[in-house]
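Spelled out from the first residue to the last, the chains are:
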Amino acid sequence: MDIFRLRRSIHSYLSLNDDKQANSEIVSTITSGTQFKGTNLWILVCAILIASLGLNMNSTAVIIGAMLISPLMGPIMGIGLGIGIGDSDLIRSSLKNLFVATLFSLLASALYFLLSPINDARSELLARTQPTIYDVMIAFFGGFAGIIATGSKSKGNILPGVAIATALMPPLCTAGYGLATLQWKFFYGALYLFSINAVYIGLATWLGTKILHLPKVSADGDGSENVGRYSRGWTIALLVLFIIPSIVTTTGIVRQNMQEARVSAYIHGEFDNLGDTHLISYEYLQTDSTSVIQVNLLGLPLDAHKVDILAARMGTYGLSDNISLKVVQGGLESPEVDAATLSSNIMKNVVEYYNETIGRLQQENDSLRSLVEKLKETNKK
């Protein structure tokens, strides 16, 4: 008896029926968001330009603002809904509108980056080119939250959060950057991330239609069932196609993180207690053919014998024999450094750092001054 009471209690907490909208309202809400004409298309272009500015400036806050106003989730959820209720017209319409939205997004972002004087690949751009299994999970759970919120009478602030979490805008902007600068690794990597987001948001929406018990559309004979079966086949193929490369990428990232953890353990285990010789920084440098741990030290220089002993200790931390150790003491690679040379190199590094900082600040100041002058001239007109 207690088990049945517990099951009823759990069901009452998890049930969606009490707060669920009418089925027709859910379908109408999603369907209305699939169209990309007039207002929706202009809003999308503005959001794309804002996101491109954020990526160009490496500003996370600006990118989040762009995602909040983006209407890109509409046609993706429309595809998932169409598959779930067997509506072939909705599937075709949503696919067409998703293509239009993607095309305008790529053109707008590519045009921006063609005109922008800053063409460096910032960290926010680079982050949109290597999709992993974690991106798949984010897209799926974000899409699932979106369909559940759409089916609820009290949506609250869920949908803006879903728009931020699923991050549909930045990959398209990064693809536009790759197109504008002819850097195809950006273009293909970012488009792949966008495709992952779209496919798994659509999957989550389709599953949401089952949980919300949305009825199939009326059709002659078993038409809707045929649409559903055909669409499910394509959906499964896309799921497999898109998830395999992300798993491969994730495996590589996990291995890289494990290797970096071993390097960190080695560095702090061997270089943190060297007496009058102090660890300043270290880098793990990898290329296709070589791997080097570069350690930067200050203080009493280590002799060549001590450096050899430290290099031999790598194996005890699980690091392979093909990794070499490069010790930089006082700005020089040789372990034999006298105090005067050490002091001279420290001062040289400090002066170079401050000169670079002053030069960068001067450039920013000149740019701001130029902008103020242009604004003044505009106001006079």
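Use the structure listed above.
Note that the structure is predicted; figures quoted are calculated from it, not measured.

Caption draft 1: View of the overall build of the protein chain. Helix and strand counts for the protein chain stand at 14 helices and three strands. Buried residues in the protein chain amount to 39% of all 381 residues. When contacts within the protein chain are restricted to residue pairs at least 6 apart in sequence, those whose partners lie at least 24 apart make up 74%. Carbon together with sulfur atoms contributes 62% to the accessible area of the protein chain, which is approximately 21,500 Å² in total.

Caption draft 2: Here's a closer look at the nonpolar core. In this structure, Leu44, Ile48, Leu72, Leu168, Met169, Tyr200 and Ile201 are the most contacted members of the largest nonpolar core, which totals 56 residues. The set of elements that each furnish at least two residues to this core consists of helix H2 (23–32), helix H3 (39–57), helix H4 (60–69), helix H5 (73–85), helix H6 (88–115), helix H8 (133–150), helix H10 (169–181) and helix H11 (184–211). With twelve residues, H11 is the largest single contributor of residues to this core. One finds Ile293, Leu302, Met314 and Val327 within the second-largest nonpolar core, a separate group that totals 17 residues.

Caption draft 3: Structural context of the packing of aromatic side chains. Inspection of every chain in the model, using the stated rule, returns ten aromatic pairs. On the numbers, 5.3 Å between centres and 75 degrees between planes, the contact of phenylalanine 187 with tyrosine 188 is edge-to-face. The class of phenylalanine 187 is buried, set by a relative accessible area of 13%. Among the residues examined, tyrosine 188 registers a relative accessible area of 54% and is labelled exposed. The interplanar angle of 85 degrees and the centroid separation of 5.9 Å between the aromatic rings of tyrosine 266 and phenylalanine 271 together place this pair among those described as edge-to-face. Cluster of aromatic residues (ring-pair linked, three or more members): Tyr112, Phe113, Tyr177 and Phe186.

Caption draft 4: Structural context of the packing of H3 against H10. At a minimum axis distance of 9 Å, the contact between H3 and H10 shows a crossing angle of 75 degrees. As judged from the angle between their axes, H3 and H10 are roughly perpendicular. Every residue of H10 that contacts H3 at Leu44, Ala47, Ile48, Ala51, Ser52 and Leu55 is listed here: Met169, Pro170, Leu172, Cys173 and Thr174. Taken together, the residues of the contact of H3 with H10 sort by class into nine nonpolar, two polar and no charged.

Caption draft 5: Broad picture of the pairing of strand S2 (residues 291–299). Most of S2 is tucked away, with seven of its nine residues classed as buried. In this sheet, S2 lies alongside strand S1 (residues 277–286) in antiparallel orientation, the contact comprising nine bridges. Opposite threonine 277, over in S2, you have glycine 299 as the bridge partner. In this structure, S2 lies alongside strand S3 (residues 323–329), joined through seven bridges in parallel fashion. The partner of valine 295 across the bridge, within S3, is valine 327. Taking the sense of rotation as the criterion, the β-α-β connection linking S2, helix H13 (residues 304–312) and S3 turns out right-handed.

Rules used throughout
Residues numbered from 1 in each chain as written. Predicted model: local features only at pLDDT ≥ 70, side-chain atom pairs only at ≥ 80, totals over all residues. Heavy atoms only, no water. Helix = DSSP H or I, 4+ residues; strand = E, 2+ residues; numbered from the N terminus. Buried < 20%, exposed > 50% of the residue type's maximum accessible area, 1.4 Å probe, protein only. Contact = heavy atoms within 4.5 Å. Areas by Shrake-Rupley, 256 points an atom, 1.4 Å probe, with all protein chains shown as cover. Core = buried A, V, L, I, M, F, W, Y, C linked by side-chain atoms within 4.5 Å. Phe/Tyr/Trp six-rings, centres within 6.5 Å; stacked < 30°, edge-to-face > 60°. Axes fitted to C-alpha atoms, helices over the stretch in contact; angles between N-to-C directions. Parallel < 35°, antiparallel > 145°, perpendicular 65-115°, else oblique. Nonpolar A, V, L, I, M, F, W, Y, C, P; charged D, E, K, R; others polar. Pairing = 2+ DSSP bridges. Right-handed = clockwise from strand over helix to strand, strands pointing away.

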